[in-house]
Amino acid sequence: MKNTPILIIGKNGKTGSRVNQKLQARGYETRAVSRSTNPSFDWENQDTWKSAIKGTRIAYVTYQPDLAVPQAEDTIRQFVKVARENGLEHIVLLSGRGEEGAQRAENVLMESAISWNIVRCSWFNQNFSESFMLQGILSGELILPEADTLEPFIDADDIADVVVATLTEPGHKNRLYELTGPRALNFAQCVNEISAALGRSIKYTAVPIDDYIHALKEQGQPEDLQWLIHLLFTVVFDGRNCEVMTGVEEALNRPPTDFKTYIQKTIKSGVWDEVLQKQASA
Ligand SMILES: NC(=O)c1ccc[n+]([C@@H]2O[C@H](COP(=O)([O-])OP(=O)(O)OC[C@H]3O[C@@H](n4cnc5c(N)ncnc54)[C@H](OP(=O)(O)O)[C@@H]3O)[C@@H](O)[C@H]2O)c1
């Protein structure tokens, strides 16, 4: 199996990039794809799927923009069909907790003739450093829709370790791992911990959801992003996901990474360093 490339859909993503790097470090050949690679892979263009899949037997799949969107179930159904016709035997699918649309898409894979793993995750720590919340941390004020619920944020390195185990080790087939970090925190607590560790003031401001969506509209953000943020902050953050789960221990026999450890490694990476960021964007 080491000579057959492992397909990774989402090459530059928060988890795909880590899975790619960890597999290569263990000597596995990979084929990591997205819209900007050759061969390319675009969820919105089925014509790109076959050449990306051909010649691979197992795959790590991250869906865009989010498995919770209404079209995800049908797209995953089509994808599983094309995957099977082109020789894929095992799919590891990244999913989100407490999202009905995501769970419908998971079912499509679980009920297919392909062997599977579902890696169902809480919110990623890396949303604060590699995604839409980074700008708020750098500017000194993170503005989000009101949500006082607790979320057991998971580290993307833990997700990647679980994914690599499911792709390369025996004993995981057809298992769903529900992954969370070890502590549930609200956004204010996360920002306080980051601010204290960085030694600079970062304010957390909660605004009504409609004001936040209006601001996204004004900035020209895509409608599916607006829809998704609305779903997350009105439905998914209703308290249903605050429970800490044991998926990391089940898959890896070790505890998940604490938010404080994430903060320390992110500080070392320089991504929250205002001066470095200004130099990089100059
Ligand atoms: N963030 C969270 O807290 C969280 C929690 C639970 C589950 N999830 C799930 O995580 C998944 C995303 O995984 P991730 O966070 O590892 O990835 P990510 O960081 O969101 O991936 C970003 C990459 O996706 C590629 N991309 C964008 N649109 C694409 C398209 N139409 N077709 C193919 N590639 C496309 C882009 O690369 P190119 O420009 O090169 O195409 C971009 O660099 C989603 O399905 C979401 O439901 C996220």
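Everything below is about the structure printed above this text.
Residues numbered from 1 in each chain as written. Predicted model: local features only at pLDDT ≥ 70, side-chain atom pairs only at ≥ 80, totals over all residues. Heavy atoms only, no water.

(A) Seen up close, the overall build of the chain. A count of helical and extended segments in the chain gives 12 helices and 8 strands. In terms of overall size, the chain behaves like a compact globule, its C-alpha atoms giving a radius of gyration of 19 Å where 282 residues would be expected to give roughly 19 Å. Looking at the chain residue by residue over its 282 residues, the buried ones come to 53%. Look at the contacts in the chain between residues 6 or more apart in sequence, and 76% of them connect residues 24 or more apart. (Helix = DSSP H or I, 4+ residues; strand = E, 2+ residues; numbered from the N terminus. Rg over C-alpha atoms; globule rule 2.2 N^0.38 Å. Buried < 20%, exposed > 50% of the residue type's maximum accessible area, 1.4 Å probe, protein only. Contact = heavy atoms within 4.5 Å.)

(B) Structural context of the pattern of salt bridges. What the rule picks out here adds up to 21 salt bridges. Between Asp-74 and Arg-77 there is a salt bridge, with the nearest N and O atoms lying 3.2 Å from each other. Of this pair, Asp-74 and Arg-77 both sit in helix α3 (residues 72-85), 3 residues apart, which is roughly one turn of that helix. By relative accessible area, which is 40% here, Arg-77 ends up partly exposed. We note a salt bridge from Arg-240 to Asp-238, for which the minimum N-O separation is 3.0 Å. (Salt bridge = Lys/Arg side-chain N within 4 Å of Asp/Glu carboxyl O.)

(C) Representation of unusual backbone geometry in the model. Cis peptide bonds are those with omega within 30 degrees of zero, and the linkage from Asn-38 to Pro-39 qualifies with 0°. Looking at the secondary structure, you find Pro-39 in the loop between β2 (30-33) and α2 (49-53). With an omega of 5°, the peptide bond running from Gln-64 to Pro-65 counts as cis. Along the polypeptide, Pro-65 turns up in the loop between β3 (58-61) and α3. In this structure, Asn-174 is a non-glycine residue whose phi angle is positive, near 60°. When you line up the elements, Asn-174 lands in the loop between α6 (156-168) and β7 (175-179).

(D) Fine view of the site of the ligand. Lining the immediate surroundings of the ligand are 23 residues, of which Thr-15, Ser-34, Arg-35, Ser-36 and Tyr-63 lie closest. Take Ser-34: an N or O atom from its side chain is 2.6 Å from an oxygen atom of the ligand. The separation between an oxygen atom of the ligand and a polar main-chain atom of Tyr-63 is 2.6 Å. No other element matches strand β4 (residues 90-96), which puts 3 residues into the shell around the ligand. Looking at the shell around the ligand, its residues break down into 8 nonpolar, 11 polar and 4 charged. (Near = heavy atom within 4 Å. Polar contact = N/O pair within 3.5 Å; in protein donor to acceptor, adjacent residues only side chain to side chain. Nonpolar A, V, L, I, M, F, W, Y, C, P; charged D, E, K, R; others polar.)

(E) Focus on the sheet that holds β4. One open sheet accounts for 6 strands, arranged β2-β1-β3-β4-β5-β7; its pairing is parallel. Of all strands in the sheet, those bounded by a partner on one side alone are β2 and β7. Geometrically, the sheet is characterised by an average inter-axis angle of 15° between neighbouring strands, direction not taken into account. Across the sheet, helix α4 (residues 100-110) touches β4, β5 (115-121) and β7, and the angle it forms with β4 is around 170°. (Pairing = 2+ DSSP bridges. Axes fitted to C-alpha atoms, helices over the stretch in contact; angles between N-to-C directions.)

(F) Representation of the packing of aromatic side chains in the model. Summed over the entire model, instances satisfying the criterion amount to 22 aromatic pairs. Where Phe-128 meets Phe-187, the ring centres are 6.4 Å apart and the plane angle is 55°; that geometry is what we call tilted. Note that Phe-128 is positioned in the loop between β5 and α5 (134-139) and Phe-187 in helix α7 (residues 187-198), a separation of 59 residues in sequence. Like Phe-187, Phe-128 is buried. An aromatic cluster of at least three residues, connected via ring pairs, comprises Trp-123, Phe-128, Phe-132, Phe-153, Phe-187, Tyr-204, Phe-233, Phe-237, Phe-259, Tyr-262 and Trp-272. (Phe/Tyr/Trp six-rings, centres within 6.5 Å; stacked < 30°, edge-to-face > 60°.)

Without other data, these values stay purely geometric and don't point to any function.
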